[in-house]
Amino acid sequence: MRGFFVPDIATRDAVGTAVLRPLAQEDAARFHQLINDWDICRRLPEAPFPYPLETAEAWVAAAVADREAGRAHEFAILDADGGMIGSAGLRLDAARGSAALGYWIGRRFWRRGHAGAAVAELLHWGFAELPIAMIEATVAADNAASVALLERAGFSATGRGHAKFIGQPGASLPVVHYAITREALALRHLAAPEPVSATAVTAVKPLVLVAACALVDIEGRILLARRPPGKKMAGLWEFPGGKLAPGETPEQALVREMEEELGIRLREEDVAPFAFASHAYDQFHLLMPLYLARRWSGTPEPREGQALAWVAPDRLDEYPMPPADRPLLPLLRDFL
């Protein structure tokens, strides 16, 4: 089971809600009760069948240890009543900056949309909380339902191969490898608008005006903020700032946003226009003037659940950013 393959549990049209919590040792008995099923074990490369209780207890104990060591994060999938119905997790590959996705759900909970909801929740959590740029999954080639689930979640096929499954001695099954990047997932969830009518499809995209500021400290480092879980583009790094309120100038918006986001006092005369980004997203067009500031009062602190990082100009490329922000990086490096 350690291989994190995707078992045959997805459905095409069901809609469900998943709640994830860290897997605990006391889940072992329920884990065993649910997984000890041929139709589940035959899809997991390292799952024997029958699946002994001792194996379940050892696997859960290893999952708890892996989470404490930061090697992997395994969650119990809960139904609306809070009962465990399956398991989902991410195993990290630090050298590649990626993680492997896997999940399974007990047979009597199939075809209720729990699998798709769990995968969606885990993708957003993983990209927001883990130092990864890509999540991968592998599925048996004949598992059409799980192939459809992964593709609906935004995964793209990256190759084919074969894998052995110990529950099927001697069997080497065709598999398909899938992956999704942090930026690909973020783009799927940018500015989800109200449904558009057929007559509006050809209309001009709305223009969204955002002001951003590159705060530069005395060492020449730039402050970046990482969008927290629950927000669109969670996990990506950006220059602090935000949308202009009705009647605001960009400078006024920055004064307000720096106070709200970072708890610092910035005066309009302390910011200087530097460059701007113009980027067409699927549902809107972003225009973002970027300002520079070297003076402010107070110490920046995260007031909206975001992470903060002071970054040297030559290391800005190491931080995954929205597509609109990235063209500004060479300009900043050359200037600073």
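About the cut-offs
- The residue count restarts for each chain, going from 1 along the sequence in the order it is written.
- Local features in a predicted model are, by the rule used here, given only for residues with pLDDT of at least 70; side-chain atom pairs are given and counted only at 80 or more, and totals for whole chains, interfaces and linings are based on all residues.
- Based on all heavy atoms of the structure, the side-chain values leave hydrogens and waters out of the count.
- The definitions used throughout rest on a 1 Å grid laid over the protein atoms alone, on which a cavity is an enclosed set of points accommodating a 1.4 Å probe that cannot get out and a pocket is an open set flanked by protein within 12 Å on both sides along at least five of seven lines; lining residues are those having an atom within 4 Å of a point.
- Grid points are joined across faces, edges and corners, and a volume is the space filled by probe spheres set on the points.
- Secondary structure follows DSSP: runs of H or I at least 4 residues long count as helices, runs of E at least 2 residues long count as strands, and numbering of each begins at the N terminus.
- Only Asp, Glu, Lys and Arg are considered charged in this grouping, and only Ala, Val, Leu, Ile, Met, Phe, Trp, Tyr, Cys and Pro are considered nonpolar; every other residue, Gly among them, is considered polar.
- Salt bridges, as used here, are contacts in which a Lys or Arg side-chain nitrogen is within 4 Å of a carboxyl oxygen on Asp or Glu.
- Relative accessibility thresholds used throughout: buried, under 20% of the residue-type maximum; exposed, over 50%; partly exposed, between the two (1.4 Å probe, protein chains only).
- Any two strands between which DSSP finds at least two bridges are classified as paired.
- Think of each axis as a best-fit line through the C-alpha atoms, taken over the contacting stretch in the case of a helix, with angles from 0 to 180 degrees between the N-to-C directions.
- Residues are treated as being in contact if the distance between any of their heavy atoms lies within 4.5 Å.
- Throughout this description, a polar contact denotes any pair of N or O atoms lying within 3.5 Å of each other; where both atoms belong to protein, one of them has to be capable of donating a hydrogen while the other can accept it, and for residues adjacent in sequence the pair is counted only when both atoms sit in side chains.
- For the purposes of this section, nonpolar cores are sets of buried Ala, Val, Leu, Ile, Met, Phe, Trp, Tyr and Cys residues that join through side-chain atoms within 4.5 Å.
- The predictor rates its confidence in each residue with pLDDT, a number between 0 and 100.
- Angle categories: roughly parallel below 35 degrees, roughly antiparallel above 145, roughly perpendicular from 65 to 115, and oblique for all the rest.
- Throughout, a crossing is termed right-handed when the near helix is turned clockwise from the far one, and left-handed when it is turned anticlockwise from it by less than a right angle.

Novice: Describe the layout of surface pockets, with residues and values.
Specialist: Each pocket or cavity is described by its volume, and for the largest pocket that value is around 650 Å³. Forming the boundary of the largest pocket are 30 residues, of which V210, R227, M233, E238 and K243 lie nearest the centre. For the lining of the largest pocket, the elements supplying multiple residues, two or more each, are β9 (207-215), β10 (222-226), β12 (241-243), α7 (250-262) and β14 (285-293). In terms of residue count, the dominant contributor to the lining of the largest pocket is β9 (four residues). Per-class residue counts for the lining of the largest pocket are 17 nonpolar, three polar and ten charged.

Novice: Describe in detail unusual backbone geometry, supporting the description with residues and values.
Specialist: The omega torsion of the bond from F49 to P50 falls at -5°, within 30 degrees of zero and hence cis. Summarising the element assignment, P50 is placed in the loop between α2 (38-41) and α3 (53-69). In this model, R111 sits at a positive phi of 60°, which is unusual for a non-glycine residue. One can find R111 in the loop between β5 (98-105) and α4 (114-129).

Novice: Explain the pattern of salt bridges residue by residue, including any values.
Specialist: Side-chain pairs of opposite charge can arise whenever the charged atoms involved come near each other. Counted under the stated rule, the structure contains 23 salt bridges. The partner of D37 in a salt bridge is R107, and the shortest N-O contact between them spans 3.0 Å. Separated by 70 residues along the polypeptide, D37 in the loop between α1 (28-35) and α2 and R107 in the loop between β5 and α4 bring together distant segments of the chain. Its relative accessible area of 15% is what places D37 among the buried residues. When the shortest N-O distance is used, the salt bridge between E248 and R256 registers 2.8 Å. Assessed through its relative accessible area of 23%, R256 is described here as partly exposed. Through salt bridges with shared partners, one network takes in D37, D39, R42 and R107.

Novice: So what's going on with the sheet that holds β10? Residues and values would help.
Specialist: Across the sheet, three strands lie side by side as β11-β10-β15; this open sheet has antiparallel pairing. Both outer strands of the open sheet, β11 (237-238) and β15 (307-311), are each paired with one neighbouring strand and no more. Where β10 lies against β11, two bridges are found, and the strand directions are antiparallel. Pairing of R226 across the sheet is with W237, part of β11.

Novice: Please provide a residue-by-residue account of the sheet that holds β9, values included.
Specialist: One open sheet accounts for four strands, arranged β12-β9-β14-β13; its pairing is mixed. Lying at the two open borders of the sheet, with one neighbouring strand each, are β12 and β13 (271-280). The mean inter-strand angle of the sheet, taken between neighbouring strand axes irrespective of direction, is 20°. Looking at chain direction, β9 and β14 are connected through seven bridges and run parallel. The residue bridging L207 from the neighbouring strand is H285, located in β14. Strand contacts of α7: β9, β12, β13 and β14, with the helix running at about 120° to β12, the strand carrying the most contacts.

Novice: Give a description of the side chain of D217 that names residues and reports values.
Specialist: Counting through the fold element by element, D217 comes out in the loop between β9 and β10. Of note is the side chain of D217, whose polar atom sits 3.0 Å from the backbone nitrogen of E219. Of the polar contacts made by the side chain of D217, one reaches the side chain of R221; its length is 2.8 Å. Contacts of D217, omitting those with residues within four sequence positions, involve W296 and W310.

Novice: Tell me what's going on with the nonpolar core, and back it up with residues and numbers.
Specialist: The biggest cluster of nonpolar side chains holds 51 residues, and the ones touching the most others in it are F31, L101, I135 and F155. Top element by residues in this core is α4. It accounts for six residues. V210, A214, V311 and L316 belong to the second largest nonpolar core, which has 26 residues in total.

Novice: Got a sec to walk through the confidence of the model for the protein chain? Specific residues and values, please.
Specialist: The predicted model of the protein chain has a mean per-residue pLDDT of 85, with 88% of residues at 70 or higher. Considering only residues more than four positions removed or in separate chains, one finds that residues 1-6, a stretch of pLDDT under 50, has 40 contacts. Confidence drops under pLDDT 50 across residues 191-202; counting only partners more than four residues distant or on other chains, this segment forms five contacts.

Novice: Got a sec to walk through the packing of α1 against α3? Specific residues and values, please.
Specialist: One way to put it is that α1 packs onto α3 with a least axis distance of 9 Å and a crossing angle of 125°. Considering the angle they form, α1 stands oblique to α3. The handedness of the crossing between α1 and α3 comes out as right-handed. Contact with α1, carried on its side by A28, A29, F31 and H32, involves L53, A56, E57, W59 and V60 of α3 and no other residues of that element. Residue composition of the contact of α1 with α3, by class: seven nonpolar, one polar and one charged.

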